[in-house]
Each structure stands twice: as C-alpha cells, then as structure tokens.
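One letter stands for each residue in the lines below.
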Amino acid sequence: MLYSQKEERARRFKLALRAGLPVLFLIFLVFYTTIYQDHTYKISTKDLGLITAVTFITIYFIYFLMNLSVQETMLDQTTQLFNKKTFIKKLEEYKPTYIACLSIENLTSLNENYSNDQIDNLLYTLSRKISMIFKQHGLDRVLIGRYLGSEFLIALNDAHDDLQMILETLIKENSRINDMEVDYRFAIITNPDDNFEKAIIQLRDILASQYSEDEPEKESSGIKDAKELSAIEKDVIRSIQKKKLLLTFRPLMNVHSNTIDTYEIAVKLKSETHQDILPRVFLPIVNRLGLGREYDFALIKHVIDLLPLVDDSISFTFNLSPFSLRDNAFKEKVFSYLYENSVDTSRLVIQLYERKTHHDLSGYLKTLKTFRSHGLRICIDNFGSSNASMEYIKHFKFDMVQFDRDYVTHLEDETTSAMLHSLITMSKRLQVQTIAKWVDHETQKEKLKALGIDYIQGFGVSKPITEETLIQRYNKV
C-alpha cells in the first residue's frame, strides 16, 4: 500500500471515530435515562465486552460507509457531472441514439496560465452551460458526464437532428468563459452498439482525425455512424496486416534546374468494403491499436522496393512517425532491409513533424544521426508552424525543410512573406534545402522563386500521380 493511501485510510478512520463516539454516547444517555434511571447499574466483564463490541462495530460501520461513499460516488468533483464510470454505467440503461464528445482543446495552455481554482471554475461553469442549452431546446433527460480532463460526454436518446447545431451554438456563445478564451472541438456518433467504451474510443478517434495538417479539405464535424466506424476499423486492421498501401506521388520541382527529381508520397489504405481510407481516418486508429511501427515499416519497405523501378536520379520523401524512429526494433528492421537491397539510401528522405520538442532531445537527435549515418536524408515537415521545429534545427543539421502550407496560402500578406524570406535565408546559410507545398498559382511560383525557394510542390507544378504512372514515366518495367 502506498504511503498516501495509508495516510488517507488513517484520516478516514479518525473521522469515523469522531462520528461514532458521539453516536455511542447519545445511545448510552438515552439508554441510561429511560431504562436505568431508577436503578444502580453495575458493568460486568460481559457488559464491558458487549460495549466494546458495539463501539467497534459502530465505528467500523461508519468507516465502511465513508469508504463506500467515496468509492461509489457518481459525480465528478469539479463539474458535478457524472464521472466516467457512472456515465458508462448509465449509458447501459439509457440506450442512447447519439453520443457526443466536446473537448476543450487549449486546456493545457489554460492550466499553464491560470490557477487551479480558476480552471475548476471554468469547467464547472461550462458544465452548467452545456446543461442549460439542452434545456433551452426542450431536452431535459440528457446524460452529461466528464470523461477526461478536457472532455465532456453527452448522450441523447431522442431522435434529435439538431444536436450538431446545438453544440455549434454552444461553442459560438462560449468562446470566452470567465474572461478566458476557450477553444473547442467536438464529434458525434449515432447508432452506438452496447459496447459504449468502444463508442467513446470512436469519438476520440474522430477528434484526433480533425488534426490533419496536410489535406486541403477539412472534414466537417458531421455525425458519424458507429457501425460504419467499426467496419472501417476492421478494414484498417486488415489493410495493415496485408500491407495494402495505396501510394500517390506529388512531384516536387527543382526550381534551379526546372526539373522534377523528387516526389512526396501520400498514403491511403486500400479497403475491401469501403472507399480508400484517408490518413486522417486511419492514423488515429493505427496509433491507438499500436500498429504504428507495422504501418511505418510497410511504408518504408514499399518505397525501398520501388527505388530500382525508377531512374536513379529520383528521390522520395515520406512521413514516418517519430515514435517509430525512436523504436530500436523498428530501426534494426529498416537497416537490415536496406542492407539486403543495396539501394542508394540518399534517395530516401524521411519527413518528421512534432508539435512539441521531445523530452529527451539529445537522445532523439542521436537516433536521427543513426539514420543519417546510413545515408538517409532527414526533412522537417510543417517547418515554422511550431516552436518545436525551430528548437530541432538549432541542434541538428537537417537536409531539407518543408514549410507549413500557411506560408504559401498567405503569401500575399506582407508579414507572412517577410517571415518566409527570413526562414529561407536562414536555411540557405545552414545549407538546408527548402520546399514550399500547396503552390497552385503562377503568381505564387514566381514569388517563391524570387524568395529563393529550392523546391515547389502543388497543382501549379503537377497533379499527384499513381504508382503505375510513376513507373511507366521512367520506363523501368
């Protein structure tokens, strides 16, 4: 037993003692004044044992009830909503038609800048506002619970088509609570089966999919069917197990030579029963199920096998998870496969992107140096979008940087253009090649060339091509 647990048990026993002794004293007074008020009462050894037993049983029973009340509480202490355990138990009785998850996206940042009391007050206030807005729409029997620190769960068993609109209104009206700016994200599923733990996991997968940085069309927060999501999850598992990756290739034009010598790889999963599965859908599932290393190895193996089928001048850049890169077993498999195939490893460019600097930065950089020592090149993706990318470039000599798409889409903005120019100048001094993605217009191309960019990628260069088209283009089959 932990020391803290022992201390808490002692505290509860003292409370039980303080509660039990007055009760026993009151019983003794009532007993004495009503039954033995005219008699002399002598306490025998038997009576003393009985009194001791009653005292012990009374105090222990109070202690037991106190423990039970703490363990079996239905409410989250901060918000006074149903806690996680109770909420899931209630779902089994409630049989909801819809389940939604509302997440405070910037709670970590708020915790860093406000006191615990202020954050608790924020969460409590939001819980009341959630309840109030549903009552305003005539929905009184809505289950609302707190799942994790930043996540609120909402269950509805009415055929109410306005749930998405209600949540959108809630977010719009509560962008500031108690003078704190609050960012939200939400997801909704319908037709959940009786496995409500799985339904909540599906909601969290949807929330994670909304973080996609590299797709032009953002998926709306529309209502998803839980049964369809379960089927997609099975498809994802099958596709990973069978290595059914569908690769498309985005040409990168070398601005200096005006030729295409590098392709950025985008991956979908082939599905047997659905449309091809996008990364924003399959990656949260892959990561949750611990299949990230298997997926990443299938990808890099596929790319290594592709190298002999195209010109030796062609390189490929592709994204691998930092978690895979830091995994020793993954590294050994990759290096072993490279050795077996004797390919020019400089044609492989690993893209990496992390929103936060890894806690063991020196250890992580050693890992990157290990890949570099085997000839692979390293590229920072979404460069300039987070402090982490700047921190990494201070400590590691990268081969390439791929700028965040916002620098291109807001190129006409004077501040954005000046920042991009500074980053390109810095990269040139460090002898790091630069890539601008999502270049769709001629004006963007000309301005980026003037700024000194090395590579551009987007519809202004070429539309993505299939693997078959790529191989045919270079006449290697």
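Above this note sits the structure.
Reading the values: the criteria
- The written sequence of each chain sets the order in which its residues are numbered from 1.
- Confidence filtering applies because this is a predicted model: local features only for residues at pLDDT of at least 70, side-chain atom pairs given and counted only at 80 or more, and all residues used for totals across whole chains, interfaces and linings.
- To obtain the side-chain values, all non-hydrogen atoms of the structure were included, while hydrogens and water were left out.
- Per the convention used, a helix needs a DSSP run of H or I reaching at least four residues, while a strand needs a run of E reaching at least two, with both numbered from the N terminus.
- Burial status follows relative accessibility: with a 1.4 Å probe on protein chains alone, a residue under 20% of its type maximum counts as buried, one over 50% as exposed, and anything between as partly exposed.
- Computed with the Shrake-Rupley method and a 1.4 Å probe, the accessible areas treat only the protein chains shown as cover for residues.
- One less than the residue count of a helix, multiplied by 1.5 Å, gives the span that helix is expected to have.
- Throughout, the arc means that of the directions going from the helix axis to the C-beta atoms.
- Pairs of residues are marked as contacts when any of their non-hydrogen atoms sit within 4.5 Å.
- Definition of a polar contact: a pair of N or O atoms within 3.5 Å, with one able to donate and the other able to accept a hydrogen when the atoms are protein atoms, and with sequence-neighbouring residues admitted only if both atoms are side-chain atoms.
- A 1.4 Å probe that fits into a set of points on a 1 Å grid over the protein atoms alone but cannot get out defines a cavity; an open set with protein on both sides within 12 Å along at least five of seven lines defines a pocket, and lining residues are those with an atom within 4 Å of a point.
- Grid points are joined across faces, edges and corners, and a volume is the space filled by probe spheres set on the points.
- Ten residue types, Ala, Val, Leu, Ile, Met, Phe, Trp, Tyr, Cys and Pro, are classed as nonpolar, four, Asp, Glu, Lys and Arg, as charged, and the remainder, Gly among them, as polar.
- Pairing between strands requires that DSSP locate at least two bridges from one strand to the other.
- Angles run from 0 to 180 degrees between N-to-C directions of axes, and those axes are lines fitted to C-alpha atoms, restricted for helices to the stretch in contact.
- For classification purposes, angles smaller than 35 degrees are called roughly parallel, those larger than 145 roughly antiparallel, those between 65 and 115 roughly perpendicular, and all remaining angles oblique.
- A side-chain nitrogen of Lys or Arg and a carboxyl oxygen of Asp or Glu constitute a salt bridge if their distance falls within 4 Å.

The next subject is the overall build of the chain. Counting its secondary structure elements, the chain contains 18 helices and 16 strands. Across the 477 residues of the chain, 45% fall into the buried class. On the chain, roughly 25,600 Å² of surface is accessible, and the fraction owed to carbon and sulfur atoms is 53%.

With 16 residues, helix α16 (residues 414–429) extends 23 Å from end C-alpha to end C-alpha; this agrees with the ideal 22 Å at 1.5 Å per step. Residues of α16 that are buried: T416, S417, L420, L423, I424 and S427. Each buried residue of α16 sits inside an arc of 125 degrees when the element is viewed along its axis, so together they form one side. Exposed residues pointing more than 90 degrees away from the buried face of α16 are listed as E414, T415 and R429. Those residues of α16 hidden inside the fold are in contact with β12 (377–383), α14 (387–395), β13 (400–403), α15 (406–409), β14 (433–436) and α17 (442–451). Where α16 starts, the residue carrying a side-chain oxygen 3.3 Å from the main-chain nitrogen of T415 turns out to be D413. Positive backbone phi, approximately 60 degrees, marks Q431, located one or two places after α16.

Those residues of α14 that sit buried are A388, S389, Y392 and I393. The arc that holds every buried residue of α14, seen down its axis, measures 130 degrees, which confines them to one face. Turned more than 90 degrees away from the buried face of α14, the exposed residues are N387 and K394. Buried-residue contacts for α14 involve α13 (361–373), β12, β13 and α16.

On inspection of all chains with the given rule, the structure shows 1 cavity of 30 Å³ or more. In this structure, the largest cavity spans a volume of roughly 40 Å³. Taken together, P192, D193, N195, K198, A199, Q202, A226, K227 and S230 form the lining of the largest cavity. Broken down by secondary-structure element, the contributors of at least two residues to the lining of the largest cavity are α7 (196–209) and α8 (226–241). Of the residues contributing to the lining of the largest cavity, the split by class is 3 nonpolar, 3 polar and 3 charged.

What the 5 strands build is an open sheet, ordered β2-β3-β1-β6-β7; its pairing is mixed. Edge strands, defined here as strands with exactly one partner in the open sheet, are β2 (143–148) and β7 (223–225). Neighbour-to-neighbour, the strand axes of the sheet open up by a mean angle of 25 degrees, direction not taken into account. One ladder, built from 7 bridges, connects strand β1 (residues 98–104) with strand β6 (residues 184–190); its direction is antiparallel.

At N191, a residue that is not glycine, the phi angle is positive and equals roughly 55 degrees. Positive phi outside glycine occurs at S342, with the angle close to 50 degrees. Within the fold, S342 resides in the loop between α12 (328–341) and β11 (348–352). On the accessibility criterion, S342 (66% relative accessible area) is exposed.

Here the focus is the packing of α8 against helix α9 (residues 279–288). Their axes nearest at 10 Å, the elements α8 and α9 cross at an angle of 75 degrees. In terms of orientation, α8 lies roughly perpendicular with respect to α9. Side by side, α8 and α9 meet where I232, E233, V236 and I240 of the first sit next to V281, F282, I285, V286 and R288 of the second. Among the residues making up the contact of α8 with α9, the classes are represented as 7 nonpolar, no polar and 2 charged.

Turning our attention to the pairing of β1. Among the 7 residues in β1, 7 count as buried, and that is most of the element. Residues Y98, A100, L102 and I104 of β1 are buried on one face, and the alternating residues I99, C101 and S103, pointing to the opposite face, are buried as well. Pairing between β1 and strand β3 (residues 151–156): 6 bridges, direction antiparallel. Pairing of L102 across the sheet is with F152, part of β3.

Attention now moves to the pattern of salt bridges. Throughout the structure, instances matching the rule amount to 17 salt bridges. When the shortest N-O distance is used, the salt bridge between E442 and K445 registers 3.6 Å. Linking E442 with K445, this pair stays in helix α17, spanning 3 residues, or about one helical turn. Ionic contacts of the salt-bridge type, sharing partners, join the residues D205, E233 and R288 into one network.

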